[in-house]
Amino acid sequence: MIPVRDIDSIKDADLVLPPDVTAAAFREALRAMTDIVGPDNVSVCTREQMQPDEEGHYFNHPKEHDLFYIFEKDTFLAGAVVCPGCTEDVSSIVKVANKYLTPIWTTSIGRNLGYGGAAPRLKGSIVMDIGARMNKVLNVNGRDCTCLVEPGVTYFALYEYLQKNGYQHLWIDNPDLGGGSVVGNALDRGAGYTPYGDHFSMHCGMEVVLPNGEVMRTGMGALPGNNTWQTFQYGFGPYPDGIFTQSNYGIVTKMGFWLMPDPGGYQAYLFSFQNDTDLPAVVEAIRGLRIGLVIQNAPTIRSPLMDAAAYGPKSSYTDKTGVLTDDEIDKIAKDIKVGRWNVYGAMYGPKPMRDLQWEVLKSTFMKIPGATYEFPKPRAEGEKRTVLHMREETLKGLPNTYELGWLNWTCEKGSLLGFSPISPASGADANKQYEMVRRRFHEFGFDYIGTFVVGWRELHHIVCLTFNKEDPDSRRRAHRCIELLIDDAAAEGYGEYRTHLCFMDQIANVYNWGNGAALKFNEELKDALDPNGILAPGKSGIWPKRLRGRGFELKRSTEYHQTANANL
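Okay, so let's go over this structure. (Residues numbered from 1 in each chain as written. Predicted model: local features only at pLDDT ≥ 70, side-chain atom pairs only at ≥ 80, totals over all residues. Heavy atoms only, no water.)

Focus on the overall build of the protein
The criterion, for reference: Put simply, DSSP marks the helices as runs of H or I at least four residues long and the strands as runs of E at least two long, and each gets a number from the N terminus on. Radius of gyration means the value over C-alpha atoms here, while the globule rule gives 2.2 Å times the residue count to the 0.38 power. Relative accessibility thresholds used throughout: buried, under 20% of the residue-type maximum; exposed, over 50%; partly exposed, between the two (1.4 Å probe, protein chains only). Throughout, a contact is declared for two residues whenever any of their heavy atoms are within 4.5 Å. For the charge count, each Lys or Arg is scored as positive and each Asp or Glu as negative, with His and the chain ends excluded. Where a charge lies is defined by one atom per residue type: Lys uses NZ, Arg uses CZ, Asp uses CG and Glu uses CD.
Across its full length, the protein carries 14 helices and 21 strands. At 24 Å, the protein has a C-alpha radius of gyration in line with the 24 Å of a compact globule built from 568 residues. If you line up the protein on its principal axes, its C-alpha atoms span 70 × 55 × 55 Å. Here the protein holds 568 residues, and 59% of them are scored as buried. A separation of at least 24 residues holds for 73% of the contacts in the protein among residues at least 6 apart in sequence. Each charge class in the protein was averaged separately, 59 positive and 69 negative side chains, and the resulting centres sit 2 Å apart.

Structure representation (C-alpha cells):
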C-alpha cells in the first residue's frame, strides 16, 4: 500500500481501477476523500504493493485483498483504502463516490475468515475500513443490559470495556474467534454460543448511511430525543433493519445490542459418542431438548478432526498427507480423548435449575450406546488446555482465539474456505449433509473438518476446508469442491447462509424459486436506493444496473475469473 500523498508518483497503468472510472477521475476522487479524512487515512493499492502474505495473520490481515485467496491474489483487489473517523466522514465519502462513480466496499474489521476477509468483490473498489478509527463503545446501560457500539469494536474490546467500567454483571456473546467486529458479525448474520447467540436477533437499533449519503436511524432511533432506541427493536411502520444485513443498501455506523445478564450460574459439559453412525441419534436428541428450551444455547456437534486441528497440524498426528481413513481418524480421536462426534454445551442459571437440566440431558444422551460425558477439570499450572476448556470459555462469552489452529491443519500458515449450508434439525438431514460433504472432500483430497450447530429450529453445518494457497492446484481443488457442493446442497433443498466472495453469484442464483423472484426484488431495491451503483457492487450476488450482465458475475469455474477481469 502506498500513502495517498505519493499518488503522483504512481503511473496510471499501475493503478487498480474500477470499471467506468478513468485514472484521472480516480485520482480526483482520492484527493477529495483525503480532504475529508486526512492524508494519513488514505492509501493507494497497486498490484506490486500488496501486503506480503508472510506478514499477514489474524491480527495483521490485509485490507486490500483476501489473505486466503482462492483465485489469484489480485482477483479481488482494492484500488485504495480509506479510513473514516465518524458518521459524517462516511456520508461525505459516499457523496464523493457518487460524483466519480468509484465503488466502495465497506469492512468493519475484515476478519471474516473463510469468506473473503476485507477484500472487495469488485476489483478496483475503494475499501472503506470503518473499524480502523470508528471503534468506540458509545454507551452501556447496566439497568437495561444494552450497549451501542461502532463497527470497530471487537468482542475482545467490548468484553474489556465491560470489565473495566463496572459492568461485570453483563456478558457478551462471541463466535469461535473473538477478534472480529460485533457489528460486522451481526450484519453477516453470524452466531455465538450463549443463549444470546443469534447476534442479529439481539441487535436493537442502527444508524445507517444510505447510498446517497443521507443518514437514517432505524427503530425508535427515528424519533428525536427517544429513550428506547436500544430497548425496543421495531419503532413505527416498516422494519428495515434486515435489508442492511449481507447487503449493499447502506453502511451501518452505529448498532445497538442486548447484553445477557449474568445468569447466576454456569456449567459447561461434553458428551462424546463413539461411532460415526451416532450422528442421526445425537441430532434427534438435541432437537427436542433445544425446542423445549432444556438446552438454552446453540450446542455444537463436532467431528474429531475439528478438535484435533485446534491442538495442532495434521503432521503432528501422522506422516500421511492424503485423506485420512476411518481407522486413522479413530486413532486420532482416541489420542486426544474424544469421540467420533462430540457435543459441547452449557447450562445457565442457579444450581437448582442446572441440576434439573442436567438430569434431563444425561438421561437423554446416555441412551445412545457408548456415550460418555465429562465436565471441565481445573487445570494445573502449565497443563495443556483441552478443547473442553476452550469451549468452556467460548460458551461463557469469554472471547479468545484458541481455535485458529484450524487454519494450519493442511500446512503451516494454511488457508480456510467456509461452507455453511442450512438444513432441518433432523438426524436424516444431518447424515445426508455429512455424507454429501465428506464424499466431495475426499474426491478432491481434503479431510472433513466440520461441526453441526443446532439453532432454534434449524441445523447449521459449518465446514472448514483447509488448503494451501501457495499451491495453485490446491486452490483449484478447493474452489471446485465447494462449487460442486453448492449445487449438491441445492439439489437436496439445502442453502448456504453465508459464503466466500467467489461463490456469491452462484448461491444467489440457486435461491431461484419463482423464476428468481428474490434476486429480482433485491436488484430492484438496489437500483432504487443506489442508482449509481457505488455501494459494494456484487455483494451477495446483487449487482447494480450499470454493471449487471457485463461479465463481472462469477457463476461457475468454467467462467473462472478471466472473463470478469477482461472487462476492467
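Side note on the pattern of salt bridges
This is how it is decided: Put simply, a salt bridge is a Lys or Arg side-chain nitrogen that is within 4 Å of an Asp or Glu carboxyl oxygen.
For the structure on display, the rule yields 40 salt bridges. The partner of Asp473 in a salt bridge is Arg477, and the shortest N-O contact between them spans 2.9 Å. Here Arg477 and Asp473 lie together in helix H11 (residues 472-491), a separation of four residues that amounts to about one turn. In this structure, a network of salt bridges that share partners links the residues Asp176, Arg302, Asp307, Arg391 and Glu403.

Thoughts on the packing of aromatic side chains
Selection criterion: Each Phe, Tyr or Trp ring (for Trp, its six-membered ring) is paired with any other whose centre lies within 6.5 Å, and the angle between the two planes then decides the class: stacked below 30 degrees, edge-to-face above 60, tilted in between. Two conditions define a charge sitting above a ring: the NZ of Lys or the CZ of Arg must be within 6 Å of the ring centre, and it must be within 35 degrees of the ring normal.
On inspection of all chains with the given rule, the structure shows 22 aromatic pairs. Measuring from centroid to centroid gives 5.1 Å for Tyr234 and Tyr239, while their planes differ by 70°, and the two rings are edge-to-face. Taking the relative accessible area as the measure of exposure, Tyr239 reaches 34% and is therefore partly exposed. Taking 5.0 Å as the distance between ring centres and 80° as the angle between the ring planes, the aromatic pair formed by Trp341 and Tyr434 counts as edge-to-face. One end of the pair, Trp341, is in strand S15 (residues 341-348); the other, Tyr434, is in helix H10 (residues 427-443), with 93 residues separating them in the sequence. For the pair Trp341 and Tyr434, one class covers both residues: buried. Ring pairing ties together the aromatic residues Tyr269, Phe271, Phe273, Trp358, Phe365, Tyr373 and Phe375, which thus form one cluster. Between the NZ or CZ atom of Lys384 and the centre of the ring of Tyr311, over which it lies, the distance is 4.0 Å. The aromatic ring of Tyr193 is capped on one face by Arg391, whose charged end is 4.5 Å from the ring centroid.

A closer look at helix H3 (residues 155-164)
Counted only if it meets this: Think of the arc as the fan of directions from the helix axis to the C-beta atoms.
Among all positions of H3, only Tyr155, Leu158 and Leu162 are buried. Taken down its axis, H3 places every buried residue within 65° of arc, on the same side. Positive backbone phi, at 80°, marks Gly166, one or two positions downstream of H3.

Details of the pairing of strand S17 (residues 415-419)
Along a regular strand, successive side chains alternate from one face of the sheet to the other. Stated precisely, the cut-off is as follows: Two strands qualify as a pair provided that DSSP identifies no fewer than 2 bridges between them.
The buried fraction of S17 amounts to five of the five residues, a majority that puts the element mostly inside the structure. Burial of the side chains of S17 extends over both faces: Ser415, Leu417 and Phe419 are buried on one face and Leu416 and Gly418 on the other. Bridge analysis of S17 against strand S20 (residues 458-467) gives five bridges, and the strand direction is antiparallel. Paired with Gly418 across the bridge in S20 is Cys464.

Here we look at the nonpolar core
Using the following cut-off: What we call a nonpolar core is a set of buried Ala, Val, Leu, Ile, Met, Phe, Trp, Tyr and Cys residues that are connected through their side-chain atoms within 4.5 Å.
Core analysis: the biggest nonpolar cluster contains 60 residues, and Ile301, Leu361, Phe365, Phe441, Phe452, Leu465 and Ile482 have the highest contact counts within it. It is H11 that provides the largest number of residues to this core, a total of seven residues. Contact partners of Ile301, with chain neighbours within four places excluded, come to Leu279, Val282, Val283, Ile286, Trp341, Asn342, Val343, Gly450, Thr451, Phe452 and Val454.

Quick word on helix H2 (residues 87-100)
Owing to its 3.6 residues per turn, the α-helix brings residues three or four apart onto one side. Heads up, the rule is: Expected helix span is taken as 1.5 Å per residue step, with the number of steps being one fewer than the number of residues.
The terminal C-alpha atoms of H2 lie 20 Å apart, and with 14 residues this matches the ideal 20 Å at 1.5 Å per residue to within 8%. Burial of H2 is extensive: 10 of the 14 residues sit out of reach of the surface. Inspection of H2 places Thr87, Asp89, Val90, Ser91, Ile93, Val94, Val96, Ala97, Asn98 and Tyr100 among the buried residues, and these make up the whole buried set. Residue Leu101 follows H2 closely and has a positive phi angle near 60°.

Re the pairing of strand S5 (residues 126-129)
Neither face of S5 is open: one carries Ile126 and Met128, the other Val127 and Asp129, and all of them are buried. When strand S3 (residues 80-82) meets S5, the two strands line up parallel, connected through three bridges. Looking at the pairing, Val81 lines up with Val127 of S5.

Here we look at the sheet that holds strand S6 (residues 137-141)
Inclusion rule: Between the N-to-C directions of two axes lies an angle of 0 to 180 degrees, each axis being a line fitted to C-alpha atoms and, for a helix, fitted only over the stretch in contact.
Spatial ordering of the open sheet is given by S6-S7-S11-S9-S10, a layout of five strands whose pairing is antiparallel. Sheet topology places S6 and strand S10 (215-217) at the edges, where each strand pairs with a single neighbour. Neighbour-to-neighbour, the strand axes of the sheet open up by a mean angle of 10°, direction not taken into account. Sheet topology note: the strand S7 (residues 146-149)/strand S11 (residues 251-258) ladder contains four bridges and is antiparallel.

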